[in-house]
Amino acid sequence: MLDRTEHTSAAVSSNSAPEAGRFVRWVEGLPAPVRWTLRRWPALLALALVGPDVVAAAFGEKGGSAEFLGEALPMLALVYLIMAKIGNRKITWPVVVLVVASVGVARVTGIVAPSTLLIGASLVLLGWVMFTGEIDSKPNMRLQVVGVVFFCGVALAGLAIDPTVGVYVIAAGWFLHGVWDFVHIWRDRVVSKTFAEWCGVIDVLIAAQLVLM
């Protein structure tokens, strides 16, 4: 029975390999502009998700809550800190889905403010990596600790001051995290490049949306 199972698994694997090869060859046979566009799917997805809100804001319509976007700002740095702790970029997207879902549940249920959840989780994780010594032993960890402290501080400052000024502080935080994403694409560290590209474009677009609101 075991031999039959192993044989079946091997057959499936051998059959899927040619299929994958054919798909790769098909993509490689496409015109260069089309191939470039397909590779930019994270940026295109970000444009599809946030682009309409930016256009709406440019025409005087409010497409989102500045307060919520301020509360969500620590989420960006928290994802990076989690990934530096895990040390496996292949699971970046599942981690992102989990963090975003947690923020969504917190916002919908009202059990806890998203900012409280995110900053609390960041503090717990910061304490963990310092207690275990991973802040010194894990690569890129020090930089991510600085990032968490900085972006959480920007979020708190933007939420604490007068909203007419705070919205620009929050916008600056989102924009600067976009720069953070693109630097990590260039460095090819901590998170997957597809996530960093997606996040970077979304960050810059949300910053523009906040300024235009």
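Throughout what follows, the structure given in this document is the object of discussion. (Residues numbered from 1 in each chain as written. Predicted model: local features only at pLDDT ≥ 70, side-chain atom pairs only at ≥ 80, totals over all residues. Heavy atoms only, no water.)

Moving on: the side chain of Asp-181. Secondary-structure assignment places Asp-181 in helix α9 (residues 163-187). There is a polar contact of 2.5 Å between the side chain of Asp-181 and the side chain of Tyr-80. Setting aside anything within four residues of it in sequence, one finds Asp-181 in contact with Tyr-80, Ala-196, Cys-199, Gly-200 and Asp-203. (Helix = DSSP H or I, 4+ residues; strand = E, 2+ residues; numbered from the N terminus. Polar contact = N/O pair within 3.5 Å; in protein donor to acceptor, adjacent residues only side chain to side chain. Contact = heavy atoms within 4.5 Å.)

A water-sized probe rolled over the atoms picks out the places where empty space is left. Roughly 590 Å³ of internal volume is contained in the largest pocket. Lining the largest pocket are 27 residues, with Met-75, Val-100, Trp-198, Ile-202 and Ile-206 positioned closest to its centre. Among the elements of the structure, α3 (41-58), α4 (66-86), α5 (92-109) and α10 (193-212) are those that each provide at least two residues to the lining of the largest pocket. Its residues assigned to classes, the lining of the largest pocket comprises 19 nonpolar, 5 polar and 3 charged. The wall of the second largest pocket is formed by Leu-78, Ile-82, Lys-85, Ile-86, Val-95, Leu-98, Val-99, Ser-102, Leu-117, Leu-118, Ala-121 and Leu-125. (1 Å grid on protein atoms, 1.4 Å probe; cavity = no way out; pocket = protein on both sides within 12 Å on 5 of 7 lines; lining within 4 Å. Points joined across faces, edges and corners; volume = space filled by probe spheres on them. Nonpolar A, V, L, I, M, F, W, Y, C, P; charged D, E, K, R; others polar.)

Here we take up the pattern of salt bridges. Going through the model one piece at a time under the given rule, you end up with 5 salt bridges. Taking the shortest distance from any N to any O, the salt bridge between Arg-89 and Asp-188 comes out at 2.6 Å. In this pair, Arg-89 is assigned in the loop between α4 and α5 and Asp-188 in the loop between α9 and α10, connecting sequence segments 99 residues apart. The partly exposed category is assigned to Arg-89, whose relative accessible area is 31%. For Asp-188, a relative accessible area of 29% corresponds to the partly exposed category. The shortest N-O distance in the salt bridge between Glu-134 and Lys-138 comes to 3.9 Å. (Salt bridge = Lys/Arg side-chain N within 4 Å of Asp/Glu carboxyl O. Buried < 20%, exposed > 50% of the residue type's maximum accessible area, 1.4 Å probe, protein only.)

We now examine the packing of α3 against α10. The contact between α3 and α10 brings their axes to 8 Å, and the two run at 5°. The angle between α3 and α10 places the two elements in the roughly parallel class. A breakdown of the residues in the contact of α3 with α10 according to their chemical character gives 18 nonpolar, 3 polar and 2 charged. (Axes fitted to C-alpha atoms, helices over the stretch in contact; angles between N-to-C directions. Parallel < 35°, antiparallel > 145°, perpendicular 65-115°, else oblique.)

Turning our attention to the packing of aromatic side chains. Working definition: an aromatic ring pair is given by the centre-to-centre distance plus the angle between the planes. Overall, the coordinates contain 8 aromatic pairs when judged by the stated rule. Ring plane angle 80° and centroid distance 5.0 Å describe the contact between Phe-150 and Phe-151, whose orientation is recorded as edge-to-face. Looking at Phe-150, the relative accessible area reads 41%, which means it is partly exposed. Taken together, Trp-41, Tyr-80, Trp-93, Phe-150, Phe-151, Trp-180, Phe-195 and Trp-198 form an aromatic cluster joined through their ring pairs. (Phe/Tyr/Trp six-rings, centres within 6.5 Å; stacked < 30°, edge-to-face > 60°.)

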